[in-house]
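# Summary of the model geometry
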Amino acid sequence: MSEFTDEQLILNFQKGDIKSFNEIVERFKDRLLNFVNGYMNDYEVSENLVQDTFVKVYTHGNSYKEISKFSTWIYTIAGNLAKTELRKLKRRKTFSFSQLSNEDREFSVDRHSSSDSKNDNERTYKYQQIKKAIPQLSEDFRNIIILRDIQELSYDEISNITGLAIGTVKSRINRARLKLIEMINEK
Amino acid sequence: MDFKKFEESITAYIDGELSKEDKIFFEQKLESDKKCMAKFNQMIKLIDDLKQMPQLNTSSNFSRNLQTKINSNSKSNYRISKQIKSIFFESKPVFNFSLSFAAIAIFTFLYLNNLDVFSPNIKSVEFSETEDQNSEYFEIELAGGTDEEFDEEFELVDSNEDSLLEKNNDLKFNFKGLFDSVVNQANIKKSFKDQE
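Residues numbered from 1 in each chain as written. Chains lettered and ligands numbered in written order. Predicted model: local features only at pLDDT ≥ 70, side-chain atom pairs only at ≥ 80, totals over all residues.

What follows covers the overall build of chain B. In terms of helices and strands, chain B carries 5 helices and 6 strands. Sequence-ordered secondary structure for chain B, helices as α and strands as β, is α-α-α-α-α-β-β-β-β-β-β. Taking all 196 residues of chain B together, 8% fall into the buried category. Residue pairs in contact within chain B that sit at least 24 positions apart in sequence constitute 23% of those at least 6 positions apart. (Helix = DSSP H or I, 4+ residues; strand = E, 2+ residues; numbered from the N terminus. Buried ≥ 20, exposed ≤ 12 C-beta atoms within 10 Å, placed from the backbone. Contact = placed C-beta atoms within 7 Å.)

A word on the overall build of chain A. Counting its secondary structure elements, chain A contains 9 helices and 0 strands. Along its sequence from the N terminus, chain A presents helices and strands in the succession α-α-α-α-α-α-α-α-α. For chain A, the residues scored as buried account for 33% of the 187 residues in total. Restricting the contact set of chain A to residue pairs at least 6 apart, pairs at least 24 apart contribute 63%.

A few words now on the interface of chain A and chain B. Across the contact, 34 residues belong to chain A and 29 residues belong to chain B. Put simply, the parts of the chain that give the side of chain A that touches chain B at least two residues each are helix H2 (18-40), helix H3 (43-60), helix H6 (117-133), helix H7 (139-150) and helix H9 (166-186) of chain A. Considering every element that reaches the side of chain A that touches chain B, the biggest residue donor is H3(A), with 8 residues. For the side of chain A that touches chain B, the per-class residue count stands at 16 nonpolar, 6 polar and 12 charged. (Nonpolar A, V, L, I, M, F, W, Y, C, P; charged D, E, K, R; others polar.)

Our focus in this paragraph is unusual backbone geometry. Residues and elements named next belong to chain A. The phi angle at Asn41 is positive, at roughly 55°, despite the residue not being glycine. Position of Asn41 relative to the elements: it lies in the loop between H2 and H3. Not every positive phi belongs to a glycine, and Glu152 is a case in point at roughly 55°. Relative to the helices and strands, Glu152 resides in the loop between H7 and helix H8 (155-162).

This next bit is on the packing of H2(A) against H7(A). All names here are of chain A. In contact at an axis separation of 9 Å, H2 and H7 are set at 160° when each is read in the N-to-C sense. On the basis of the axis angle, H2 is roughly antiparallel to H7. Crossing geometry of H2 relative to H7 is assigned as right-handed. Contact residues: Asn34, Phe35, Gly38 and Tyr39 in H2; Arg142, Asn143, Ile146, Leu147 and Ile150 in H7. Its residues placed into classes, the contact of H2 with H7 shows 5 nonpolar, 3 polar and 1 charged. (Axes fitted to C-alpha atoms, helices over the stretch in contact; angles between N-to-C directions. Parallel < 35°, antiparallel > 145°, perpendicular 65-115°, else oblique. Left-handed = near helix turned anticlockwise from the far one by under 90°.)

A word on the packing of helix H1 (residues 3-14) of chain B against helix H2 (residues 20-32) of chain B. Residue and element names in this part refer to chain B. The interhelical angle for the contact between H1 and H2, taken along N-to-C directions, is 115°, at an axis separation of 11 Å. Here the hand of the crossing between H1 and H2 comes out left-handed. Of the residues in H2, those touching H1 at Phe6, Ser9 and Tyr13 are Asp22, Lys23, Phe26 and Lys29. Across the contact of H1 with H2, the residue classes tally to 3 nonpolar, 1 polar and 3 charged.

With that settled, consider the environment of Ala165(A). All names here are of chain A. Along the chain, Ala165 falls in the loop between H8 and H9. On the neighbour-count criterion, Ala165 (10 C-beta atoms within 10 Å) is exposed. Each C-alpha atom of the pair Ala165 and Tyr155 lies 9.4 Å from the other, and the pair is 10 residues apart in sequence.

All names here are of chain A. In this structure, Ile24, Val36 and Ala78 are the most contacted members of the largest nonpolar core, which totals 36 residues. Contributing elements (two or more residues each) for this core: helix H1 (6-14), H2, H3, helix H4 (70-92), H7, H8 and H9. Two domains each put at least three residues into this core: domain 1 (1-101) and domain 2 (111-187). With near-sequence residues (within four places) excluded, Val36 lies in contact with Ser46, Leu49, Val50, Ala78 and Ala82. (Core = buried A, V, L, I, M, F, W, Y, C linked by C-beta atoms within 7 Å. Domains from an automatic or database assignment.)

On to the confidence of the model for chain A. Do not read the fine detail of predicted coordinates wherever pLDDT is low. Chain-level pLDDT for chain A is 83 on average; 84% of the residues reach the 70-or-more range. Here residues 94-114 of chain A scores under 50 on pLDDT; set against residues more than four positions off or in separate chains, the count is 27 contacts. (pLDDT = per-residue confidence, 0-100.)

Once that is clear, we can look at H8(A). Structural remark: α-helix, 3.6 residues per turn; residues separated by three or four positions point the same way. Residues and elements named next belong to chain A. Regarding H8, the residues found buried are Ile158, Asn160 and Ile161. Seen end-on, H8 carries its buried residues on one side only, within an arc spanning 160°. A positive phi of about 75° marks Gly163, the residue just after H8. (Arc of directions from axis to C-beta.)

As structure tokens, this is what we get:
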């Protein structure tokens, strides 16, 4: 990875540097996948939408202006695509979270490689609990907690992506966390 | 500080955003109330767990598929622009003139005669619920059996907003259609789930 900022990369791409575009893809593909999956809860659909997001960046790259952070811009594109897709699915009335659950999908990255298998099992169980609880949160809570606690975005960025006031973002995050604790405790 | 207020303040405390006074109250409650201490610890643990949660990764053929999508998108854009170019720029001036003249003549004839081309007859309207209370999605069946879905492309212009829900759920609206002019008006029955 180069030391260019995201904003420098998109500006380079606007000047025709395809390598910069490829680096943007590398930097954002997994983050966007996890973000979009928070809406869709379906791996295949989410990956497709992330690809569509990059196609939009590729075809409309020139419409990015350096007045906002690039991450805000790309998250907004991905979020809008996800919302549109979700709306289509809901309108077709074929969508169900339970049907689209990806519970069986194994995580491909394990950040913990502790040799203590008991701890590993406990940790895995705990993650599974959280993973099952997150899709059950309301959309407002779900996305905000993914952006803040999993993607570790700033309040300012979340505010820009969601279009909510910073104060609302902060209070929703607190409520989302409390709700998540409640859901995990119930299990 | 009661328990509810304590709960509401946890994130602000973690972010260091409580006022000096509130911080003192918060910490006093934290030390004196076991329930508060337990909730606080759960929150800290949850934040830590969420940060360390394993993440989904894109599949190994992600980049290849993306490249294919970009290529097909570029090709289709190129094809469309080429077709437009060939029709309007590469054809003879006499053909272009005739085409424009014919289009204007048809438009004028239909518009002056107020034909249905500009005012679709609405047979039925079906609303679907959305999570967002402020937006509506609706399907409109047009005369002639054309079942089309409209979503944001057409605008509902309520002529009498205040009385919208008072007339036995009758919704009167102007249908803003082709050429962005108000061309039709319809009275339709709107059913609200919560009123059933």
